[in-house]
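Architecture and fold: a report
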Amino acid sequence: MAAAVPQADRQCREAARPTRDRVALDRGADRAHHICRIHHRALKVAERLERDGYGLGDRIATLAWNTARHIEAWYGIMGVGAIYHTLNPRLFPEQITWIMNNAGDKAIFVDLTFLPLLEKIAGAVKSLKQVIVLTDKAHLPETALPKVVAYEEWLAEADGNFAWKTVDENTAAGMCYTSGTTGDPKGVLYSHRSNVLHAMIEAMPDAMGLSSRDTILPVVPMFHANAWGLAQSAPMIGAKLVMPGCKMDGASIYELLDTEKVTFSAAVPTVGMMLLQHLEETGKKLPYLQKVVIGGASCPRAITTKFQDDYDVQVVHAWGMTEMSPVGTLCTLKPDYAGLKGDARLAVQQKQGFTPFGIEMKVTDDDDNELPWDGKTFGRLKVRGPTVARAYYGGIGSEQFDEQSWFDTGDIAHIDPGGYMQITDRAKDVIKSGGEWISTIELENLAVGHPDVAEAAAIGIPHSKWGERPLLVIVLKPGREPTKTHILAFMDGKVAKWWMPDDVAFVGEIPHTATGNIQKITLRQQFRDYHLPTD
Ligand code: ADP
């Protein structure tokens, strides 16, 4: 039996060591600027939760932005042996209700912003016994919700004289559901052991390379796969955390980067783009920021170039999944690549990177035969390791895991001889033409490089000879009117001839999921009767 690891205790103590003066700072919905230490208040949360009857294995939800109170609640929940369950407010209300019922959440910590959303769904969540609103009494609005308390007054009833529960390291500490782009969302449990290992792995120099001298701004939300682990690794190493609250526009992020002298941040490409736009419009610079991790979706070349060339900020492209805690690969430069300049360097940085210690990966064909690491043969990407899920909550989706614990990510990728992986598609989206695979991501990236194209999606259309052939669906920028021939001529010569789309369709809008990804299933339905001119 593994040794007991009171993880929350260790991390909180680190986060609160007065000698290092590491603090969490946030911008919540009801307070503009606030400094706090995680440790003491997290102890109070645990003490209060225990007094209210919560303990080992109870699922306690959070519906909140990245704030200091949210982190305190997280550590308090873990400290009492319960399981924090971050809910993604960007999902549809029916999905959140389904998820809460599936998890059997007993209590919820909720931000003021999300109170109206909770009011809509709480009645349908039978297990829910208590609502703790992350505010004080003065800011608590009238609400029809039963059993509501204001966090600050609830917390004030505790003195923090509490000993963390000691649990086996394999006990569940946290929970997160996948976004459910295909079918119902699936629950993933993180153990205390996997969270600690993940936090250590990601802090390593060739991974995110975090240190106690860093000031870290996790723009990526805690409900988005644990803020990519930063809510755990920053307290572990004793770095200062700056929590952005609800404002993620370019100007608000810039303000925090500047006033708090942030050295490290992590965000999805869209947020990176908004920040760069703000900088361009205002002529401002980034004198303190040293590194930014971009992931969750493929990082466009333009983002990497601008951050690095115009602002001297290193970009680390990263890939991961909820099922991987979430970090899977990071693109830092190994010695053989470190000296690369210009386009050669950017070409490596377009890749999603290599696995840190502990994570194994391979690419296979449909019959599970392993494919070579030659940087071009692509296949199904599979991973395993101590920070990778071995099952979904409730045993659903078991076909994605095999007997040797390999998890089929549903991504299609190739790996080069140096171990750098590059995603070429999602398995369900890849176009199969004459038995060979065509990467839709590559076609889309190429198409959006055309100056008139706002958004592009490539889908497979049934073809009598080839099985499937690519159709490129395009949304144009306002006022632009290129022809199909213009678009195809722009792409010609930049991909293999047989990858070239057989046709281009212009549309006013491309459907998206609640979390902003292109909804290929709906798009394929819209074009199900489409007849290609080549067939
Ligand atoms: P996330 O919350 O980061 O989106 P999910 O588990 O919801 O995590 O989705 C993971 C999927 O997102 C991956 O399987 C992959 O398809 C996509 N993804 C994540 N990072 C990247 C990246 N850097 N490049 C391309 N796709 C990515």
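Residues numbered from 1 in each chain as written. Predicted model: local features only at pLDDT ≥ 70, side-chain atom pairs only at ≥ 80, totals over all residues. Heavy atoms only, no water.

1. Comments concerning the overall build of the protein chain
- Along the protein chain, the regular secondary structure elements total 16 helices and 24 strands.
- Over its C-alpha atoms the protein chain spans a radius of gyration of 24 Å, differing by no more than 12% from the 24 Å that the globule rule assigns to 535 residues.
- Referenced to the eigenvectors of the C-alpha coordinate spread, the extents of the protein chain come out at roughly 75 × 50 × 50 Å.
- Scored against the burial criterion, the 535 residues of the protein chain give a buried share of 58%.
- Contacts in the protein chain between residues at least 24 apart in sequence constitute 66% of all its contacts with a sequence separation of at least 6.
- Of the roughly 21,900 Å² that the protein chain leaves accessible, carbon and sulfur atoms contribute 52%.
- A gap of 3 Å separates the mean positions of the 56 positive and 66 negative side-chain charges of the protein chain. (Helix = DSSP H or I, 4+ residues; strand = E, 2+ residues; numbered from the N terminus. Rg over C-alpha atoms; globule rule 2.2 N^0.38 Å. Buried < 20%, exposed > 50% of the residue type's maximum accessible area, 1.4 Å probe, protein only. Contact = heavy atoms within 4.5 Å. Areas by Shrake-Rupley, 256 points an atom, 1.4 Å probe, with all protein chains shown as cover. Lys, Arg positive; Asp, Glu negative; His and termini not counted. Charge placed at Lys NZ, Arg CZ, Asp CG, Glu CD.)

2. Some thoughts on the confidence of the model for the protein chain
- Scored by pLDDT, the protein chain has a mean of 90; 92% of the residues are at 70 or more.
- Across residues 1–6 the pLDDT falls below 50, and counting only partners more than four positions away or on other chains, this stretch makes 14 contacts in the model.
- Overall, residues 16–22 carries pLDDT values under 50, and its contacts beyond four positions in sequence, including any with other chains, amount to 14 contacts. (pLDDT = per-residue confidence, 0-100.)

3. Overview of the nonpolar core
- Counting residues in hydrophobic clusters, the biggest one holds 73 residues, and the most contacted among them are L49 and F109.
- Counting only domains with at least three residues in this core, you end up with domain 1 (3–246) and domain 2 (359–426). (Core = buried A, V, L, I, M, F, W, Y, C linked by side-chain atoms within 4.5 Å. Domains from an automatic or database assignment.)

4. Quick word on the sheet that holds strand β18 (residues 407–415)
- One open sheet holds the four strands; their spatial order is β16-β17-β18-β19, and the pairing between them is antiparallel. The open sheet is flanked by β16 (360–364) and β19 (421–426), the only strands paired with a single partner. Averaged over neighbouring strand pairs, the angle between their axes works out to 45° when direction is ignored.
- Where β16 meets strand β17 (residues 379–384), five bridges bridge the pair, whose relative direction is antiparallel. For T364, the partnering residue across the bridge sits in β17 and is R380. (Pairing = 2+ DSSP bridges. Axes fitted to C-alpha atoms, helices over the stretch in contact; angles between N-to-C directions.)

5. Digging into the pairing of strand β5 (residues 107–110)
- Residues of β5 alternate between two faces, with A107 and F109 on one and I108 and V110 on the opposite face, all of them buried.
- Two strands pair when backbone bridges link them, and strand β3 (residues 59–63) and β5 are joined in this way by four bridges, in the parallel orientation. Following the sheet pairing, A61 is matched in β5 by I108.
- Pairing between β5 and strand β6 (residues 130–133): four bridges, direction parallel. The partner of V110 across the bridge, within β6, is V133.
- For the crossover from β5 across helix α5 (residues 115–121) to β6, the handedness is right-handed. (Right-handed = clockwise from strand over helix to strand, strands pointing away.)

6. What to know about the packing of helix α2 (residues 38–51) against helix α3 (residues 68–79)
- Two numbers describe how α2 lies on α3: the axes approach to 7 Å, and their chain directions differ by 55°. The angle between α2 and α3 places the two elements in the oblique class. The handedness of the crossing between α2 and α3 comes out as right-handed. Together, I38, R41, A42, V45, A46 and L49 of α2 and R69, I71, E72, A73, Y75, G76, I77 and G79 of α3 make up the contact between the two elements.
- Residue composition of the contact of α2 with α3, grouped by class: nine nonpolar, two polar and three charged. (Parallel < 35°, antiparallel > 145°, perpendicular 65-115°, else oblique. Left-handed = near helix turned anticlockwise from the far one by under 90°. Nonpolar A, V, L, I, M, F, W, Y, C, P; charged D, E, K, R; others polar.)

7. Brief notes about the environment of Y288
- Tracing the sequence through the fold places Y288 in the loop between α10 (269–282) and β13 (291–295).
- For Y288, a relative accessible area of 29% gives the class partly exposed.
- Each C-alpha atom of the pair Y288 and T215 lies 9.6 Å from the other, and the pair is 73 residues apart in sequence.
- Not counting chain neighbours up to four residues away, the residues in contact with Y288 comprise L257, D258, K261, V262 and T263.

8. Concerning α3
- Spanning 12 residues, α3 covers 16 Å between terminal C-alpha atoms, matching the ideal 16 Å at 1.5 Å per step.
- Across the 12 residues of α3, 12 count as buried, placing the element largely inside the fold.
- Taken together, the buried positions of α3 are occupied by A68, R69, H70, I71, E72, A73, W74, Y75, G76, I77, M78 and G79.
- Two residues or fewer past α3, G81 is found with a positive phi of approximately 90°. (Expected span 1.5 Å × (residues − 1).)

9. What to know about the pairing of strand β12 (residues 264–267)
- Residues F264 and A266 of β12 are buried on one face, and the alternating residues S265 and A267, pointing to the opposite face, are buried as well.
- Here strand β10 (residues 215–218) pairs with β12 via three bridges, running parallel. Bridge assignment links P218 to a residue of β12, and that residue is A266.
- The pairing of β12 with β13 spans four bridges and is parallel. Its bridge partner being in β13, F264 is matched across the sheet by K291.
- With respect to chirality, the unit in which β12 leads through α10 into the neighbouring parallel β13 is right-handed.

10. Details of the domain arrangement of the protein chain
- Considered domain by domain, the protein chain is made up of domain 1 (3–246), domain 2 (359–426) and domain 3 (431–526).
- Contact residues are listed per partner, giving 15 residues for domain 1 and seven residues for domain 2.
- Roughly 910 Å² is buried in total at the junction of domain 1 and domain 2, and carbon and sulfur atoms are behind 71% of that figure.
- Connecting domain 1 to domain 2 are zero salt bridges.
- Run the count over domain 1 and domain 2 and you get three residue pairs in polar contact (both at pLDDT 80 or more). (Buried area = accessible area lost by both parts, 1.4 Å probe. Salt bridge = Lys/Arg side-chain N within 4 Å of Asp/Glu carboxyl O. Polar contact = N/O pair within 3.5 Å; in protein donor to acceptor, adjacent residues only side chain to side chain.)

11. A word on the state of the cysteines
- Under the criterion given, the structure shown has zero disulfides.
- Looking at C299, it has no disulfide partner, and the nearest cysteine sulfur is the one in C331, 9.9 Å off.
- Of the residues examined, C299 reaches a relative accessible area of 1% and is grouped as buried.
- By relative accessible area, C331 is classed as buried at 2%. (Disulfide = S-S within 2.5 Å.)

12. Notes on the environment of A318
- Relative to the helices and strands, A318 resides in strand β14 (residues 314–320).
- A C-alpha to C-alpha distance of 6.0 Å links A318 and I294, two positions 24 residues apart in sequence.
- With residues near it in sequence (within four places) discarded, A318 still touches V293, I294, G295, G296, T329, L330 and Q352.

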